[in-house]
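Here's the letter readout for the chains.
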Amino acid sequence: MKRREFLLGSGATAGAMGLGGLGLAAGAPELVVQPASFALRGQMTSGMVSLSPNAPPPVLYGKQGVDMRLPVRNTLPEYTAMHWHGLRIPNGMDGVPYLTQVPIGSEEVFDYEFTPPDAGTYWYHPHCMTMDQMAHGLTGVMVIAEANDPGFDSEQVVNLRDFRLDDADQFLPAYTARGAARAGTFGNVQTANWLTEPHYEHAAGSLVRLRVVNTDTTRIYKVHLNRSEVRIIAWDGHPVEVEVPMPSADEPLLIGPGQRVDFAVKMPTDEGQTVDLLAKFPGQKHRAMARLRAVGASVARDLRELRPLPANLAAKPDLTKAEVHEFVFGWTPESGQPNNGFCGSLGYNFWSINRTPWPGDAAQGVGPLATLEQGKSYVLRLRNESPNLHPIHLHGLVFVPLKSNLRRLPPLLTDTMLLLKDEVVEIALVADNPGDWAFHCHVIEHQKTGLTGFIRVV
Ligand code: C2O
Ligand code: CU
Ligand code: CU
């Protein structure tokens with residue numbers, strides 16, 4: 001079988017065009033997927049995957065409404081494909097193997113080119129050999145700046161993620177079957193930008209935009225900040241239009257894998273004081289993941305000086321005639337093995353959507369979970385039938401949570417809904433981006449053992 005023969009979706013033709021280093025990307029520097037090593041915890045950890053030999057994947061900067069060209073070169077022996085999480089871009093640029101493109105082979109280049117329609121905090125990661133490459137480091141943050149600057153003095157990106165290392169600081173297997181069938185396999189080294197408790201200097205009294213991104217394969221981070229002059233200004237990329245309560249030690253904010261939160265932070269006015277991003281881990285005290293340290297004489301800014309973030313131009317769903325679609329997330333009745341394509345299988349089926357496990361990356365003959373008509377509004381009812389939490393992510397579209405059987409949900413525009421145990425959530429969206437859009441749990445072990453599907457917009 002050739003890679004091309006697995007192609008499923010409508011976006012595939014456009015995506016395949018960029019295969020093979022056709023030289024479309026003159027002028028844009030290549031993003032080279034490559035082996036790396038880095039001292040994550042004392043000794044050098046080898047066998048990492050990044051875009052440079054000795055550093056984390058860089059923050060990629062773009063601007064709302066301005067074309068971006070991102071040629072991705074694969075220098076690994078395995079296949080890859082790059083996905084731009086949260087961006088509402090054409091299907092052929094979405095980076096999902098078999099659904100939107102042929103996987104990128106060794107020494108091949110795929111030219112990703114798109115115009116980000118929304119400003120905000122996004123991220124990128126492979127969608128082929130996903131478990132392998134993400135667990136070994138290939139998760140980076142993407143910042144799309146507003147056309148008009150909201151008035152911060154500086155910004156700080158914090159990429160939260162775990163690594164799973166042995167005593168010699170080398171990688172342990174990224175997953176266990178036991179973990180994959182439950183909450184996932186957790187890392188044992190928690191990092192911010194691949195560092196343990198990094199300190200970042202920002203001017204005393206200044207206004208910092210703190211962009212926190214959970215790019216971990218498994219862990220739901222529970223965070224709060226040690227300061228009160230802080231506000232949440234964006235959630236999963238999009239400006240918040242309602243008052244969101246600030247998290248506290250007792251009620252930390254749950255950030256699931258794939259989710260992002262932007263804080264507006266007023267730095268302390270005294271040099272040396274810090275703003276700490278704190279996280280809670282089972283059986284431990286709160287721990288600083290990263291600290292922003294005030295330096296110099298106070299520049300005496302005030303949070304009220306910030307201009308509100310302009311809303312992104314996502315269409316608002318019309319609930320009066322929205323059709324309802326049901327999705328059930330749970331274990332799978334089938335115990336068969338997923339087929340192994342070019343994008344890595346974990347070798348098990350544990351999970352399912354609507355009782356059907358995704359049959360592996362190279363799934364053929366698997367239809368969409370739902371077919372939506374372009375331009376129409378829909379309500380999706382998401383039911384978690386398992387005791388585990390699932391950050392359910394939809395590509396290419398944004399949605400707004402309507403209600404839950406367990407809690408009050410603020411109507412925050414998002415692409416990833418963290419479903420709690422036994423939770424039923426209704427979300428609404430406008431199907432305004434045509435194509436086949438992956439719909440899956442962002443606990444990668446769940447994604448790769450069945451909890452995946454796609455939604456078609458025609
Ligand atoms: Cu962030 Cu389908 O992924
Ligand atoms: Cu995504
Ligand atoms: Cu899950």
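Small disclaimer: the values here were computed from a predicted structure and weren't measured.

### Focus on the coordination of the copper ion (ligand 2)
And step 1. The protein atoms that coordinate the copper ion (ligand 2) are His 83 (NE2) and His 393 (NE2), at distances spanning 1.9 Å. With a gap of 310 residues between them, His 83 in strand β5 (residues 82-85) and His 393 in strand β24 (residues 390-394) connect regions that are remote in the sequence. Residues His 83 and His 393 agree in their burial class; the two are buried.

### With respect to the sheet that holds strand β7 (residues 120-126)
And step 1. In space, the four strands of this open sheet follow the order β3-β8-β7-β5, with mixed pairing throughout. Since the sheet does not close on itself, it has two edges, and those belong to β3 (60-63) and β5, each with one partner. Between one strand axis and the next, the sheet turns by 25° as a mean value, whatever way the strands run.
And step 2. Here β7 pairs with strand β8 (residues 140-145) via five bridges, running antiparallel. Residue pairing across strands places Tyr 124 opposite Gly 140, the latter belonging to β8.

### Points about the nonpolar core
And step 1. Leu 160 and Phe 263 are the most contacted members of the largest nonpolar core, which totals 31 residues.
And step 2. At the level of secondary structure, the elements contributing two or more residues to this core comprise β9 (154-163), β12 (207-214), β13 (221-225), β14 (230-235), β16 (253-255), β17 (260-266), β18 (274-279) and β19 (287-295).
And step 3. The element contributing the most residues to this core is β19, with four residues.
And step 4. Once residues within four sequence positions are removed from consideration, Leu 160 is found in contact with Thr 191, Ala 192, Val 212, Val 213, Asn 214, Thr 215, Asp 216, Tyr 221, Val 223, Leu 277 and Met 289.
And step 5. Among the nonpolar cores identified, the runner-up in size contains 30 residues, and Leu 397, Ile 427, Ala 431 and Val 457 belong to it.

### Re the coordination of the copper ion (ligand 3)
And step 1. Distances from the copper ion (ligand 3) to its protein donors, His 390 (ND1), Cys 441 (SG) and His 446 (ND1), fall within 1.9 to 2.1 Å.
And step 2. The motif formed by the donor residues of the copper ion (ligand 3), counted along the single chain, is H-x50-C-x4-H. On the criterion of sequence distance, the pair formed by His 390 in strand β24 and Cys 441 in strand β28 (residues 435-441) is long-range, its members being 51 residues apart.
And step 3. On the basis of relative accessible area, His 390 is assigned to the buried category, the value being 0%.
And step 4. By relative accessible area, Cys 441 is classed as buried at 0%.

### Some points on the domain arrangement of the chain
And step 1. According to the domain assignment, the chain contains domain 1 (3-145), domain 2 (154-305) and domain 3 (319-457).
And step 2. Here the C-alpha centre of domain 2 lies 24 Å away from the C-alpha centre of domain 1.
And step 3. Facing 35 residues of domain 1, the contacting portion of domain 2 comprises 31 residues.
And step 4. Note on domain 1 versus domain 2: buried area summed over both sides is about 2700 Å², and carbon and sulfur give 60% of it.
And step 5. Its largest share of buried area at the contact with domain 2, domain 1 owes to Leu 40, Arg 41 and Thr 121, together 26% of the area lost on that side.
And step 6. Across the domain 1-domain 2 interface, the total number found is one salt bridge.
And step 7. The salt bridge partner of Asp 169 is Arg 41, with a shortest N-O separation of 2.9 Å.

### Points about the environment of Arg 456
And step 1. Structurally, the position occupied by Arg 456 is in strand β29 (residues 452-457).
And step 2. Remark: the alpha-carbon pair of Arg 456 and Glu 251, spanning 205 residues in sequence, is separated by 37 Å.
And step 3. Looking at Arg 456, its side chain comes within polar contact range of the side chain of Asp 436, at 2.7 Å.

### Topic: the pattern of salt bridges
And step 1. Applying the stated rule across the entire model yields 27 salt bridges.
And step 2. Glu 305 serves as the salt-bridge partner of Arg 301, at 2.4 Å between the closest nitrogen and oxygen.
And step 3. Residue Glu 373 is joined to Lys 376 by a salt bridge in which the shortest nitrogen-to-oxygen separation is 3.3 Å.
And step 4. Taking relative accessible area as the criterion, Glu 373 reaches 43% and is therefore assigned partly exposed.
And step 5. Taking relative accessible area as the criterion, Lys 376 reaches 38% and is therefore assigned partly exposed.
And step 6. Salt bridges linked by common partners bring Glu 146, Glu 155, Arg 209, Arg 211 and Asp 262 together as one network.

### What to know about the side chain of His 390
And step 1. Engagement of the side chain of His 390 in a polar contact is seen with the backbone oxygen of Asn 388, the distance being 3.5 Å.
And step 2. Setting aside its immediate chain neighbours within four residues, His 390 contacts Trp 351, Asn 384, Met 417, Leu 418, Leu 419, Cys 441, His 446 and Leu 451.

### What to know about the sheet that holds strand β10 (residues 189-192)
Whenever strands of a sheet pair, they do so through backbone hydrogen bonds, lying parallel or antiparallel.
And step 1. The six strands lie next to each other as β10-β9-β12-β17-β14-β15, forming an open sheet whose pairing is mixed. This sheet does not close on itself; its edge strands, each paired only once, are β10 and β15 (238-239).
And step 2. Of the pairings in the sheet, the one linking β12 to β17 comprises seven bridges and is antiparallel in character. Residue pairing for β17: Arg 211 is matched across the bridge by Asp 262.

### Examining the environment of Gly 47
And step 1. Inspection of the secondary structure puts Gly 47 in strand β2 (residues 43-50).
And step 2. Each C-alpha atom, one on Gly 47 and one on Gln 34, is 9.8 Å from the other, the two residues being 13 residues apart in sequence.
And step 3. Contact partners of Gly 47, with chain neighbours within four places excluded, come to Ala 36, His 136 and Phe 171.

### Re the packing of aromatic side chains
And step 1. Summed over the entire model, instances satisfying the criterion amount to 14 aromatic pairs.
And step 2. Between Tyr 79 and Phe 342, the aromatic rings sit 5.1 Å apart at their centres with planes inclined by 75°, giving edge-to-face as the arrangement. With Tyr 79 in the loop between β4 (68-74) and β5 and Phe 342 in the loop between β20 (323-331) and β21 (351-353), the pair connects residues that are 263 residues apart, well separated along the chain.
And step 3. Since its relative accessible area comes to 22%, Tyr 79 is described here as partly exposed.
And step 4. For Phe 342, a relative accessible area of 23% corresponds to the partly exposed category.

Quick notes on the rules
- Within every chain, residues take consecutive numbers counted from 1 along the sequence as written.
- Throughout, the order in which chains and ligands are written sets their labels, letters from A for the former and numbers from 1 for the latter.
- Given that the model is predicted, a residue must reach a pLDDT of at least 70 before its local features are reported, and side-chain atom pairs must reach 80 or more before they are shown or counted; all residues, however, enter totals for whole chains, interfaces and linings.
- The side-chain quantities take in all heavy atoms of the structure and omit both hydrogens and water.
- Only nitrogen, oxygen and sulfur atoms count as donors, using a 2.8 Å cut-off from the metal that widens to 3.2 Å for Na, K and Ca. Water is left out, so coordination shells may look unfilled.
- Going along the chain from the N terminus, every DSSP run of H or I of four or more residues is numbered as a helix, and every run of E of two or more is numbered as a strand.
- Categorising residues by exposure relies on relative accessible area from a 1.4 Å probe, with only protein chains included: less than 20% of the type maximum marks a residue as buried, more than 50% marks it as exposed, and the intermediate range marks it as partly exposed.
- By definition, two strands form a pair when at least two bridges between them are found by DSSP.
- To get an axis, a line is fitted to the C-alpha atoms, and for a helix only the part in contact is used. The angle between two axes follows their N-to-C directions and goes from 0 to 180 degrees.
- We define the nonpolar core as a collection of buried residues of types Ala, Val, Leu, Ile, Met, Phe, Trp, Tyr and Cys that are connected through side-chain atoms lying within 4.5 Å of one another.
- Contacts are assigned to residue pairs with any non-hydrogen atoms lying within 4.5 Å of each other.
- Those domain boundaries reflect an automatic or database domain assignment.
- By convention, the term buried area covers the 1.4 Å-probe accessible surface removed from two parts as they join, with the contributions of both added.
- What makes a salt bridge here is a side-chain nitrogen of Lys or Arg within 4 Å of a carboxyl oxygen of Asp or Glu, nothing more.
- Polar contacts, as counted here, are pairs of nitrogen or oxygen atoms within 3.5 Å of one another; within protein the pair requires one atom able to donate a hydrogen and one able to accept it, and residues that are adjacent in sequence qualify only if both atoms are side-chain atoms.
- Working definition: a ring pair exists when centres of Phe, Tyr or Trp rings (six-membered ring for Trp) sit within 6.5 Å. Plane angles under 30 degrees give stacked, over 60 give edge-to-face, the rest tilted.

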